[in-house]
Structures are given as structure tokens and as C-alpha cells.
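Observations on the model geometry
Chain residues, written in single-letter form:
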Amino acid sequence: MSKEELLKKRYRAEKRFKFYGLTSVILAILFVLFLVNVIFSKGKGAFSRTTISVEVDFNTEKLEIKNNPTNEEIQDTDFYDLSIESLLNVYKTKGLKEEKDLIRIFSPDYEFEIKNFIIENKGFLNKTTIIELTASDDIDQLNKGNYPRHLPEERRRISDFQLLIYDKLVEDNKIQKTFNTFLFTNGDSRDPELAGVGGSLLGSFFTIIVTLLLSFPIAILASIYLEEFAPKNRITDFIEININNLAAVPSIVFGLLGLGILLGTFDFPRSTPLVAGITLALMTLPRIIIPCRASLKAVPPSIREGALAVGASKVQSVTHHVVPLAIPGTLSGTIIGLAQALGETAPLILIGMVAFVVDLPSSPVDPSASLPVQVYLWSEQAERGFVEKTSATIMILLTFLITMNAFAVYLRQKFERRWS
Amino acid sequence: MTNNKVKIKTEKLDVFYGQKQALKNVNLEIFNREVTALIGPSGCGKSTYIRCINRMNDVIETCKISGSIKIDGQEINNKQIDVVRLRERIGMVFQKPNPFPKSIYDNVAYGPQIHGLADHKDKLDQIVQTSLKKSALWEEVKDRLDEPGTSLSGGQQQRLCIARAISVNPEVILMDEPCSALDPIATAKIEELMEELKKTFTIVIVTHSMAQAVRVSQRTGFFHLGNLIEVDTTDKMFKNPNNKMTQDYITGRFG
């Protein structure tokens, strides 16, 4: 082959290689776009909520309540009859079946919603006002256009009579779509229209705090000791190998560890962020130690020598010079480790975080759900409302993960500028 | 020689890195307020030698040092010596300028701070200023002491490292090829500076440049394969060395 041909061949190889690379990048981007599109189109519905306008007459006599009641007195009052009466006023019904049908277009929390309204707006006592009550899951889905209303009646959960009411209400402008605050404030529920990720958000938050508090200091101290102080011998080599091995251990094994030791031996409270946090901290430790050691190793030895040569002690050379330079890598390693912990599901299932928890946790020792487990739980539900909520939860979880990773990148770039 | 007091005296100094012997039975005297140049081909043990004087070899785990190193008659090659105190007395400047990634001011102030040499800010300012003046950098940086030390040019960085070394007022300054990463103009500045510094400090410089050894030093030691082949006044060493090997090396026949 002549020199010319050889040169051409080399250029062709280069072009081919670039083409392959570009194709893979484009493919990857397409996959991501597809994924985001699927999640977004499925999940966006969960961010809105359907309400029905109902006229309520807060007559104190009928409620058998004083004219100036305290919150507790209202709490103790029975609003059931008033609620049913108000709901039945929405549409003219005959017979018990039609009444039941009418009441079922509302979410079962109507009495609670009406009561809460009057506790917050006491001025409406003895007045008639219009309240927006949450519609049931089926009406919600119907209103969002996800409900197959063309099916024959016996294959639908919404009866023909309910469809009739719905159409009339739409005509009268009594059906509204508002932003779904329940999604963020409520705990889990059997009714999709009332279920929210509030509980799992708090659960994940407490879990990550416990994980951070445990794993960050331990990982930092361990990596500084191993990298800067520990003698290089068989024992430290053995420890190093095992840290690398631990980082590769499947997370479910840590779940078993948490189950066996924390729940089994030490009797820690089940399904709590405390146990989840400790379990995830164990899992995260090696994943933080490895990048921490790498960033300590990346600090040039000349900096250590410079510090030692002016008479700094070993600890001073480390804390004054080496650690500040390693901080960006350390922090971003920690954040990425925590982001992985935040998205972890398997170990949490084993330590009982799959429990159905309605109440919001107020501390790390209260039973609670967590975001990834909530995704898992809701993905098993058949109701359409839970399908969109599953995607919405994934969106929320991804938002947190992307924010954390972006923060890690930001920290790295910001602090690395003052490097050499 | 103006002052013939021995500052550093090593006797029967052997250094091993693991199995490899880096220095073999080195007996060398370094005189007070003089510049002593150590020359020799790469890997001959010059750097190892000066790193013994401030015990920087302690950092290397496999390094074993035996023999005697005395500074002002005090033995420093033993466990009782506090290396932190020792390194305050014996400053070091490295081959590659290694300012801390901090401000120019903090680079110089660091040593006095950790040794508690300045009890208030004015005193510290004064130490920084004197050190930078002594290292002939003050005029160039006095208006930008807040800027990072790493933003300076190579030659300025090296002078900053010298300022850092003299800020704790040491007795000896060890220089490990301080000019090998610098251009000739920066080198000339450092050499001028050494002329000035030797009035106050005892200087030991490792260099690969014969010309530099001739220009800056009063005494020269020639190392080869871990042996100290010959040591004498620079004048004698370069004009009329006793040893054939020295002769060959300085005339460029090997090395």
C-alpha cells in the first residue's frame, strides 16, 4: 500500500470512529427524551385535581352548634347530615340508588373537607356559600379525558346516571380543575384523588438526613486516615480491597443486614427513616470513601511537602492544605453517594418501609414511606389515578436527583478554579 | 572563608530506600553562612542528602537512615528530635515552585502563624513584608497580596517559596534544584538573592548546573552513586580537584 493510500485509510478510520461515537450519543439522547416524554405525559395529570362546586348552608341551628363556636366545638360537631344534604342538592335524584351514585362522584372525604372549610372561615356560619369539593378518582379521570366513557355501562365503574350528572355539572360550569396541592401535602391513601407524596417526601428527607449525618463524617475521617496517616501494609491493603468490594455489594444485601441486625437484634422501630437511614448509610459509606480518597490522592504531594517543610505537623499539613483542596471532589462524591441512596428501593422494602402509612412522619422514628418505595407501591395499584401518580412521583424523585447531581457538578467547578 | 564554624556535620550517613542504598557513608561538613553546592549526576543522592537534614525523608515509609547528623553539635537523627521544631530551624525550597493555593500573603504568613511567631496582626504584616523584601519580591507583589500565589510567574513563585521558607527565620535553607524549572532571567534573580541571603542563613543548594555552583557557592561537594566523592572550596573543586572522577564530571566527560 502506498503512503497516500495508508493516509486515506487512516482518515477513513477516524471518520468512521467519529460516526459511531456520534450515533451512540444521539441514541442515548433519544432514549432519555423518550423516557422523559413517557413519564411526563403520564404524570402531568397528577398535578391537577378536579373539584365540584357544592352549595352548603352552614345553619347553626341545624348543626346544633353555638353561634360562636371554638375550633374544638366544630371538630366535635357531626357534619354528616349537612354534608349529605348539600351533596344531594347538586342534582335531583330519585331513590336510594341514584342518591348513592350522586354521593359517589365525590371523594369520600367530603364531610372532613366541609368541616375544615368552616374551621378556617368561621365568618360563613349561618350563611350559604359555595365550596369546591374534591371529585372522586373516576370523575377526576373522566374530567382529565382518561376515562373510556364509550364502553357499555356494565364494563364501566361510572354509571350512566353519574355520567348524566357529570355532563350537567360541566354544562353549569360546576366542575373545576385546580393545582393539586394534595400531591405534596397528603400522605398515602386508598383513594388516588387523596393520595400524596407528602409522607414519602418527609420520609425520604429524614432518611437522607440520617444517612448524611452518619456516612459523611465517618467516610471523610476514614478516607483521610487511610490516605494520609495509615501505614501502607497488608492490613490497609486488605481494608482498601474490602472497601472496593463493599461498594459493589448489591443494595438488597444491606437491606438484609438492616433487617437482621437493626430490626432483629437491636429491635429498632420498623418502617422508620432511622433504620432506613442507618441501612443506607452503610451502603453509602464505601461509595463516599472511594471518591474522597481519590480526591485526596489527587492533591499534589508538593503541597504536603511545602507545608511540612515550613514546620507544619502532619495533621496541620492535612487539615490546612490537603483537605481544603480535596473538598470539591469530596463534596461531589458525597452528594452523588447520597443521590444514589435517595433512589434506593430494595433495602427499604426489606426493612419494612413498604408499609401503608397515611400519617405524615414528624420525626425519623415515625413509620413512613419514602419516594422510591412510594413509586413501587403505587405502580402495583390498578386505579388510573395511581398510574399518573406513579409517574408524578418519579418526576419528583428525578427532580431531586438531578438537582443534587447538578449541585455536585456546580461545587466541583466552583471550587476547582482556585486549584493550581 | 570568612566564617569557618561548622553548622551541619554528617558522619557515616547511610540511607536506604527499601533494599536500595541511596547514600553510602557520607561524611560532610557544611559551614555557617556559606553557600554549599552539591553536584553530581541524577540519582547520586544529593537530594536524599539534603532531605536528611530536615528529616523530610521521614515521609517516605521505606526510608532508613543511619549515622550521625549534627546541627550545631546537636544530634538530630534520632526519635527524640521534634521534626516540627527542626523544620522551623531548617527551611526548604523545592525543585518545582509549590506555593499553597492561597493568597500571596497567606503563603508567607502560614509558617509564622503555626509557630506562633506573631501575636498580633501588625507583627504578622511586618513578618510578611520583611520576608517578601528579603526574597526580593516585595516590589512586585506589594499591591496584590490578596491574589493567589499560584497566579505568579514561575520565578516569582519560587521567590515566594523562598519568602515562605525564611518567614519563620530559620538557620539553614535547603534548596533542591531551585532553578531547574526557571528561565535564565528568573534564575539570575534567585542567584542574586542567594548572595544576599547567605549573609544571614546557611544555604545548601543541590544543582545540576556547574556554572551555577561556581557562581553562587563557596564550597562544593560532588556525589556519585551515593558516595560523596570529594568536597572542597568551590574554587579548588573547579580548578584543581583531587579526584579524577570530579575532574571528569565537571569537564562534562560523564554525567
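That block above? That's the structure.
About the thresholds
Residues numbered from 1 in each chain as written. Chains lettered and ligands numbered in written order. Predicted model: local features only at pLDDT ≥ 70, side-chain atom pairs only at ≥ 80, totals over all residues. Heavy atoms only, no water. Helix = DSSP H or I, 4+ residues; strand = E, 2+ residues; numbered from the N terminus. Rg over C-alpha atoms; globule rule 2.2 N^0.38 Å. Buried < 20%, exposed > 50% of the residue type's maximum accessible area, 1.4 Å probe, protein only. Contact = heavy atoms within 4.5 Å. Areas by Shrake-Rupley, 256 points an atom, 1.4 Å probe, with all protein chains shown as cover. 1 Å grid on protein atoms, 1.4 Å probe; cavity = no way out; pocket = protein on both sides within 12 Å on 5 of 7 lines; lining within 4 Å. Points joined across faces, edges and corners; volume = space filled by probe spheres on them. Nonpolar A, V, L, I, M, F, W, Y, C, P; charged D, E, K, R; others polar. Expected span 1.5 Å × (residues − 1). Arc of directions from axis to C-beta. Axes fitted to C-alpha atoms, helices over the stretch in contact; angles between N-to-C directions. Parallel < 35°, antiparallel > 145°, perpendicular 65-115°, else oblique. Left-handed = near helix turned anticlockwise from the far one by under 90°. Salt bridge = Lys/Arg side-chain N within 4 Å of Asp/Glu carboxyl O. Polar contact = N/O pair within 3.5 Å; in protein donor to acceptor, adjacent residues only side chain to side chain. Pairing = 2+ DSSP bridges. Core = buried A, V, L, I, M, F, W, Y, C linked by side-chain atoms within 4.5 Å.

**Considering the overall build of chain A**
On a plain count of helices and strands, chain A comes out with 18 helices and three strands. A compact globule built from 420 residues should have a C-alpha radius of gyration of about 22 Å, whereas chain A, at 30 Å, is more than 25% larger. C-alpha atoms of chain A, sized along the principal axes, occupy 90 × 65 × 40 Å. For chain A, the residues scored as buried account for 45% of the 420 residues in total. If you take every contact in chain A between residues at least 6 apart in sequence, the share linking residues at least 24 apart comes to 75%. Surface accessibility of chain A: about 22400 Å² in total, with carbon and sulfur atoms responsible for 62%.

**Let's talk about the layout of surface pockets**
Of the volumes computed, that of the largest pocket is approximately 610 Å³. Mapped onto the lining of the largest pocket, the elements with two or more residues apiece are α10 (198-229), α13 (273-297) and α14 (301-309) of chain A together with α2 (83-89) of chain B. Considering every element that reaches the lining of the largest pocket, the biggest residue donor is α14 of chain A, with four residues. Broken down by class, the residue content of the lining of the largest pocket amounts to ten nonpolar, one polar and ten charged. The space that makes up the second largest pocket amounts to roughly 480 Å³. What lines the second largest pocket is a set of 20 residues, among which F112, E113, N116, F182 and N186 of chain A lie closest to the centre.

**Observations regarding helix α7 (residues 184-197) of chain B**
Residue and element names in this part refer to chain B. Its 14 residues place the ends of α7 20 Å apart at the C-alpha level, agreeing with the 20 Å of an ideal helix rising 1.5 Å per residue. Within the sequence span of α7, burial applies to A186, T187, I190, E191, L193, M194 and L197. In a view along the axis of α7, the buried residues occupy a sector of 160 degrees, so they form one face of it. What points out from α7, more than 90 degrees from its buried face, is the exposed set P184, I185 and E192. Packing partners of the buried residues in α7 comprise β3 (35-39), α4 (121-134), α6 (154-166), β7 (172-176), β8 (202-206) and α8 (210-216).

**Observations regarding the packing of helix α12 (residues 251-265) of chain A against α13 of chain A**
Residue and element names in this part refer to chain A. Between α12 and α13, the least distance of the axes is 9 Å, while the angle of their chain directions is 130 degrees. Between α12 and α13, the angle is such that the two are oblique. Crossing hand, α12 versus α13: right-handed. On the side of α12, the interface is formed by S251, F254, G255, L257, G258, L262 and L263, while α13 contributes V275, I278, T279, L282 and M283. Here the residues of the contact of α12 with α13 are counted per class, giving eight nonpolar, four polar and no charged.

**What to know about helix α17 (residues 371-379) of chain A**
Residues and elements named next belong to chain A. Burial analysis of α17 places seven of its nine residues in the buried class, the great majority of the element. Burial in α17 covers these residues: L371, P372, V373, Q374, V375, L377 and W378. Considering only its buried residues, α17 is in contact with α10, α15 (314-342), α16 (346-350) and α18 (384-416).

**Describing the interface of chain B and chain A**
Taken together, the 22 residues of chain B in the interface contact 20 residues of chain A. Between chain B and chain A we count one salt bridge in total. Two residues, R51 of chain B and E305 of chain A, come together in a salt bridge whose shortest N-O distance is 2.9 Å. Summed over the shared surface of chain B and chain A, the number is seven residue pairs in polar contact (both at pLDDT 80 or more). Elements with a contribution of two residues or more to the side of chain B that touches chain A: α2, β6 (90-93) and α3 (104-115) of chain B. Within the side of chain B that touches chain A, the residues separate by chemical class into twelve nonpolar, four polar and six charged.

**Focus: the environment of F407 of chain A**
All names here are of chain A. Structurally, the position occupied by F407 is in helix α18. On the basis of relative accessible area, F407 is assigned to the partly exposed category, the value being 44%. Linking F407 and L331, residues 76 residues apart in sequence, is a C-alpha distance of 9.6 Å.

**Let's talk about the sheet that holds strand β2 (residues 128-134) of chain A**
All names here are of chain A. Reading across the sheet, the three strands line up as β2-β1-β3 and stay open at both edges, with antiparallel pairing between neighbours. Strands at the two margins of the open sheet, each flanked by one partner only, are β2 and β3 (175-179). Taking each pair of neighbouring strands and ignoring which way they run, the sheet shows an average axis angle of 40 degrees. With five bridges joining them, strand β1 (residues 48-57) and β3 adopt antiparallel strand pairing. Bridged to T51 within β3 is Q176. Along the sheet face, helix α4 (residues 80-88) touches β1 and β2 and points at about 105 degrees away from the line of β1.

**Considerations on the sheet that holds β7 of chain B**
Residues and elements named next belong to chain B. The sheet built from six strands is open, its strands ordered β6-β7-β8-β3-β9-β10 with mixed pairing. Two strands lie at the open edges of the sheet, namely β6 and β10 (227-233), each paired on one side alone. Across this sheet, the average inter-strand angle for adjacent strands is 15 degrees, counted without regard to direction. Bridge count for β6 against β7 is four bridges, and the pairing is parallel. Bridge pairing links I90 to V172 in β7.

**Observations regarding the nonpolar core**
Residues and elements named next belong to chain A. Judged by nonpolar contacts, the single largest core of 37 residues is most densely connected at L342, L348, I351 and M404. Of all the elements, α18 adds the most residues to this core, at nine residues. With residues near it in sequence (within four places) discarded, M404 still touches I335, L338, A339 and L342. Listed in part, the 36 residues of the second largest apolar core include V54, F58, F79 and L125.

**A word on the side chain of S53 of chain A**
Residue and element names in this part refer to chain A. Inspection of the secondary structure puts S53 in strand β1. On the basis of relative accessible area, S53 is assigned to the buried category, the value being 8%. At a separation of 3.2 Å, a polar atom in the side chain of S53 contacts the side chain of E132. For S53, the side chain forms a polar contact with the side chain of Q176, separated by 3.0 Å. What S53 contacts, discounting residues up to four positions off in sequence, is I130, I131, E132, K174 and Q176.

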